[in-house]
Amino acid sequence: GVLKTLMQNILDNSYIKQEQFALSSALGVLSVLAGRKFEFQGVASNLYLLNVGPSGCGKDKPQKKAIEYLIDMGCERLIGATDYGSDAGIVDSLETQPVRLDIIDEASKVLKSISGSKSEHSAKGGDILTELYTSSTSKYLGRALAEGRKGAVHRPCLSILASTTPEGLSESVTKKSIAKGLLGRFMIFQSNNNPSNRVKSNTQLDNKTLNHLRWVAGYEPPIDMKRAVNNIGQKVYDVHAETKADEQLDKYFREFDDIRTSLSQNDSMLPIV
C-alpha cells in the first residue's frame, strides 16, 4: 500500500538504493501523520529511527524525501528540529508542536550526549528523549522553571529520523548509554554495500498516494472519555489486532520475555531487551 509506494519513490530517487533506509524514512512519515490519533494496546505511533552507514552510502536522500513529502501534503507544521542544542530545544516547542518528526542528519553528537556528556544540558537531553518516548499515551510534565513549567503537554508524539556512521554509533554505545534506556528505544537500520546509479530526474509521489497521506494527516478521531488524561477526553482511535497478528505478537512477547528473565540483573543487554 502507501508504505510500499513511499519506499519505492525514495529508491527511485536515490543514487544508492538502500531499502532499509527507505523503510525507516517511510515509517517516520507515517508515524508523525498518525501521531496522537491512533493507539494500539496502549502504544502510540512515535518512533525513534536510526540509519547507520558509512559516509556516501545513501543516508541523505531518504531524509530529504521525508521532508519533501510532508511539504507536498501541506504538513510543514510536522517538521521538527534538525539538531538538539540543549534540553530546552527539545521541550519548549512541544506546547505548540506536540506532534513532530525531528530529522537529524548527523546524530553522533546527540548519541554521545546520552552516554554521559559532561555538559549538564546535553545529559538532560538524553533523559528527556527517554521520558518523552514513554509519555506518548499520558502527560509529559515538561521542564520546571522559576516562572513555571515549560513544555507540558498531553500525549506528545515526538518521532525521530536520524542517521550516523558506524564510528559515530560505536563511540556512543557505552554501558551507561544502554543503561539509560534510550538506545533500546531506537530502531536501527543498517546500510548495504550497494552500487551507485545516476538519477536523471526527481520523481514526485502520485496524487492518489498524496491524497491517502493527506487523509491521515487531516483525520480527527472522536473524543474518547475512556482515554481521558487529567479528566480531559482525548481524540484517539483504538486500533485492534486481527487474530493472526495478535497470535504473532504473543509469540514475540514470550520470546523476548524469556530472554529478559534469563539475563542477570547486571547484563548490559537487559535495558535493550
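Definitions and cut-offs
Residues numbered from 1 in each chain as written. Predicted model: local features only at pLDDT ≥ 70, side-chain atom pairs only at ≥ 80, totals over all residues. Heavy atoms only, no water. Pairing = 2+ DSSP bridges. Helix = DSSP H or I, 4+ residues; strand = E, 2+ residues; numbered from the N terminus. Axes fitted to C-alpha atoms, helices over the stretch in contact; angles between N-to-C directions. Salt bridge = Lys/Arg side-chain N within 4 Å of Asp/Glu carboxyl O. Buried < 20%, exposed > 50% of the residue type's maximum accessible area, 1.4 Å probe, protein only. Phe/Tyr/Trp six-rings, centres within 6.5 Å; stacked < 30°, edge-to-face > 60°.

### Considering the sheet that holds strand 8 (residues 157–164)
A sheet is described by the order of its strands in space; here four strands give the open sequence 3-8-2-9, paired in parallel fashion. Of all strands in the sheet, those with a lone pairing partner are strand 3 (99–104) and strand 9 (186–190), marking the two edges. On average, each strand axis in the sheet is inclined to that of its neighbour by 15 degrees, with strand direction left out of account. For strand 3 and strand 8, the ladder comprises six bridges, and the chain directions are parallel.

### Points about the pattern of salt bridges
By the definition in use, this model includes ten salt bridges. Across the salt bridge formed by Lys65 and Glu68, the nearest N and O atoms sit 2.8 Å from each other. Taken as a pair, Lys65 and Glu68 lie in helix 3 (residues 60–72) at a separation of three residues, close to a single helical turn. Taking relative accessible area as the criterion, Lys65 reaches 1% and is therefore assigned buried.

### Here's the deal with the packing of aromatic side chains
Per the stated rule, a full pass over the model turns up five aromatic pairs. Grouped by ring-pair contacts, the aromatic residues Phe38, Trp215, Tyr219 and Tyr237 constitute a single cluster.

### A look at the pairing of strand 2 (residues 48–52)
Burial analysis of strand 2 places five of its five residues in the buried class, which makes it a mostly covered element. Taking every second residue as pointing to the same face, both faces of strand 2 are buried, with Tyr48, Leu50 and Val52 on one and Leu49 and Asn51 on the other. Two elements, strand 2 and strand 8, share five bridges in a ladder whose sense is parallel. Considered in strand 8, the bridge of Leu49 is made with Leu161. The pairing of strand 2 with strand 9 spans five bridges and is parallel. Residue pairing for strand 9: Tyr48 is matched across the bridge by Phe186.

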